[in-house]
Structure formats: structure tokens, C-alpha cells
Amino acid sequence: MSTTTDNPWTIDAVRALGVTTDVETAGAILGIGRSKAYALAKRGQFPVRVVRVGRSYVVPVPEILELLGVRAIT
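Residues numbered from 1 in each chain as written. Predicted model: local features only at pLDDT ≥ 70, side-chain atom pairs only at ≥ 80, totals over all residues. Heavy atoms only, no water.

Engineer: I'm lost on helix 3 (residues 34-43) in this one. Help?
Structural biologist: Since the α-helix packs 3.6 residues into each turn, any two residues three or four apart lie on the same face. Residues Ala37, Leu40 and Ala41 constitute the buried set of helix 3. Projection of helix 3 onto a plane perpendicular to its axis shows the buried side chains occupying an angular sector of 100°, all on one side. Counted as exposed and oriented over 90 degrees from the buried face of helix 3: Ser35 and Lys42. Trailing helix 3 by a residue or two, Gly44 shows a phi angle of about 75°, which is positive. (Buried < 20%, exposed > 50% of the residue type's maximum accessible area, 1.4 Å probe, protein only. Helix = DSSP H or I, 4+ residues; strand = E, 2+ residues; numbered from the N terminus. Arc of directions from axis to C-beta.)

Engineer: What should I look at first to understand the pattern of salt bridges in this one?
Structural biologist: Between side chains of opposite charge, a pair can form when the charged atoms approach closely. Counting across every chain of the model gives three salt bridges. Between Arg34 and Glu24 there is a salt bridge, and its shortest N-O distance comes to 3.4 Å. Note that Arg34 is positioned in helix 3 and Glu24 in helix 2 (residues 23-30), a separation of ten residues in sequence. Arg49 is the partner of Glu63 in a salt bridge, and the nearest nitrogen-oxygen pair spans 2.8 Å. With Glu63 in helix 4 (residues 61-67) and Arg49 in the loop between helix 3 and strand 2 (51-53), this residue pair connects regions lying 14 residues apart in the sequence. Overall, the relative accessible area of 46% leaves Arg49 in the partly exposed class. (Salt bridge = Lys/Arg side-chain N within 4 Å of Asp/Glu carboxyl O.)

Engineer: What's the story with the side chain of Thr25 in this structure? I'm lost.
Structural biologist: When you line up the elements, Thr25 lands in helix 2. Apart from the residues within four sequence positions on either side, Thr25 is in contact with Trp9 and Leu17. (Contact = heavy atoms within 4.5 Å.)

Engineer: Sorry if this is basic, but what is going on with the packing of aromatic side chains here?
Structural biologist: Each aromatic ring pair is specified by the distance between its two centres and by the angle formed by the two planes. Throughout the structure, instances matching the rule amount to zero aromatic pairs. The ring of Tyr57 carries Arg52 above its face, with NZ or CZ at 4.9 Å from the centroid. (Phe/Tyr/Trp six-rings, centres within 6.5 Å; stacked < 30°, edge-to-face > 60°. Lys NZ or Arg CZ within 6 Å of the ring centre and 35° of its normal.)

Engineer: How do you make sense of the pairing of strand 3 (residues 56-60) when you look at a structure like this?
Structural biologist: The side chains of a regular strand alternate between the sheet's two faces. Where strand 1 (residues 20-22) meets strand 3, three bridges bridge the pair, whose relative direction is antiparallel. Of the residues in strand 3, the one forming a bridge with Thr21 is Val59. Summarising the sheet, strand 2 and strand 3 pair through three bridges and their orientation is antiparallel. In the sheet register, Arg52 faces strand 3, and the bridge partner there is Tyr57. The hairpin turn running from strand 2 into strand 3, its antiparallel successor, is two residues long, and Gly54 in that turn takes a positive phi close to 65°. (Pairing = 2+ DSSP bridges.)

Engineer: Even after reading the chapter, I still don't get the environment of Ala28, so can you show me in this structure?
Structural biologist: For Ala28, the position within the fold is in helix 2. For Ala28, a relative accessible area of 36% puts it in the partly exposed group. In the structure, Ala28 is positioned 20 residues away from Pro8 in sequence and 9.0 Å away in space, judged by C-alpha atoms.

As C-alpha cells, this is what we get:
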């Protein structure tokens, strides 16, 4: 059985993603399931900014870190 405390994402792992990540990964980091993450992105209600690139969505990693209360390394 999975719970929200089973999140394997560490701050270092999030930083290692680079500048952007996909909505599914961003959702996993934030404890949001895949379907819900895409639904929120489509409605413009994802917890951080989502950028539409063609048919894809990307999420800026520094904004995820900021939401988590962590300063991004510059």
C-alpha cells in the first residue's frame, strides 16, 4: 500500500533533474498522481507554473524547489 510518505524524491534528486521536468515527474515530487497532475496542468491549476511547449508541458524545477521551501542553486 502506498502513502504520501513513500515519496522517494530528495532535494538533491530534484535538483539533479536540470532546468525543467515533465508534469508527471513534477506531480510525483509533489505527491500528485499522473492523471490529476495533467488535469491540473490543463486547467492552469497546477501548484507551480507549467509551460506549454508544442503538445507537451514542462515544469521549471526551480519553481518546484521554491514551493518546497528550498533555495535553488544558481
